[in-house]
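# A closer look at the structure
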Amino acid sequence: MLIKILGSGCPKCNRLEQLTREAVAELGLEARFEHVREMDKIMAYPIMTTPALVIDEQVMASGRIPGKDELRAWLKGR
């Protein structure tokens, strides 16, 4: 599973990455993380605001930090 955090590295982006890593660990899943900070690469996705979460090239959230329950539900479906 490839998980991408799209954002400049702001506190919200870092928090999204931390929560997602925690959810992956709690579920015992294997995942590779990438933090995409380059604006041209971020703009390649259909999002208007960051932070954004992309799981296996599917945008799951944009402009907000989902709760851990929501993250776990998305991850279980993979």
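Structural notes, computed from the coordinates. (Residues numbered from 1 in each chain as written. Predicted model: local features only at pLDDT ≥ 70, side-chain atom pairs only at ≥ 80, totals over all residues. Heavy atoms only, no water.)

### Some points on the overall build of the protein
For the protein, the helix and strand inventory stands at three helices and four strands. For the protein, the succession of helices and strands along the chain, N to C, is β-α-β-α-β-β-α. Relative to its length of 78 residues, the protein is compact, with a C-alpha radius of gyration of 11 Å against a globular reference of 12 Å. Taken along the three principal axes of its C-alpha coordinates, the protein extends 35 × 20 × 15 Å. Classification of the 78 residues of the protein by burial places 38% in the buried group. The positive charge centre, built from 12 side chains, and the negative charge centre, built from 11, are 3 Å apart in the protein. (Helix = DSSP H or I, 4+ residues; strand = E, 2+ residues; numbered from the N terminus. Rg over C-alpha atoms; globule rule 2.2 N^0.38 Å. Buried < 20%, exposed > 50% of the residue type's maximum accessible area, 1.4 Å probe, protein only. Lys, Arg positive; Asp, Glu negative; His and termini not counted. Charge placed at Lys NZ, Arg CZ, Asp CG, Glu CD.)

### Focus: the environment of Q58
By the element assignment, Q58 lies in strand β4 (residues 58-62). Overall, the relative accessible area of 40% leaves Q58 in the partly exposed class. Each C-alpha atom of the pair Q58 and P46 lies 9.9 Å from the other, and the pair is 12 residues apart in sequence.

### Overview of the environment of D69
If you trace the backbone, D69 turns up in helix α3 (residues 68-76). Judged by relative accessible area, D69 falls into the exposed class, the value being 58%. Distance from D69 to L16, taken between C-alpha atoms, is 13 Å for residues 53 residues apart in sequence.

### Some points on the sheet that holds strand β1 (residues 2-6)
Two strands in a sheet stick together by hydrogen bonds in their backbones, pointing the same way (parallel) or opposite ways (antiparallel). Taken in spatial order, the four strands line up as β2-β1-β3-β4 in an open sheet, and their pairing is mixed. Each edge of the open sheet is held by one strand with a lone partner, namely β2 (32-36) and β4. Pairs of neighbouring strands in the sheet enclose a mean axial angle of 20°, with direction left out of account. Where strand β3 (residues 52-55) meets β4, four bridges bridge the pair, whose relative direction is antiparallel. Looking across to β4, one finds that V54 is bridged to V59. The sheet strands contacting α3 are β1, β3 and β4, and the helix crosses β3 at an angle near 20°. (Pairing = 2+ DSSP bridges. Axes fitted to C-alpha atoms, helices over the stretch in contact; angles between N-to-C directions. Contact = heavy atoms within 4.5 Å.)

### Remarks on unusual backbone geometry
Following T50, the chain continues to P51 via a peptide bond in cis, the omega torsion being 5°. Following the sequence through the fold, P51 ends up in the loop between α2 (39-42) and β3. The phi dihedral of D56 is positive, around 50°, even though this residue is not glycine. Examined against the element boundaries, D56 turns out to sit in the loop between β3 and β4. Take D56: its relative accessible area is 38%, and that puts it in the partly exposed class. In this model, E57 sits at a positive phi of 65°, which is unusual for a non-glycine residue. Relative to the helices and strands, E57 is located in the loop between β3 and β4.

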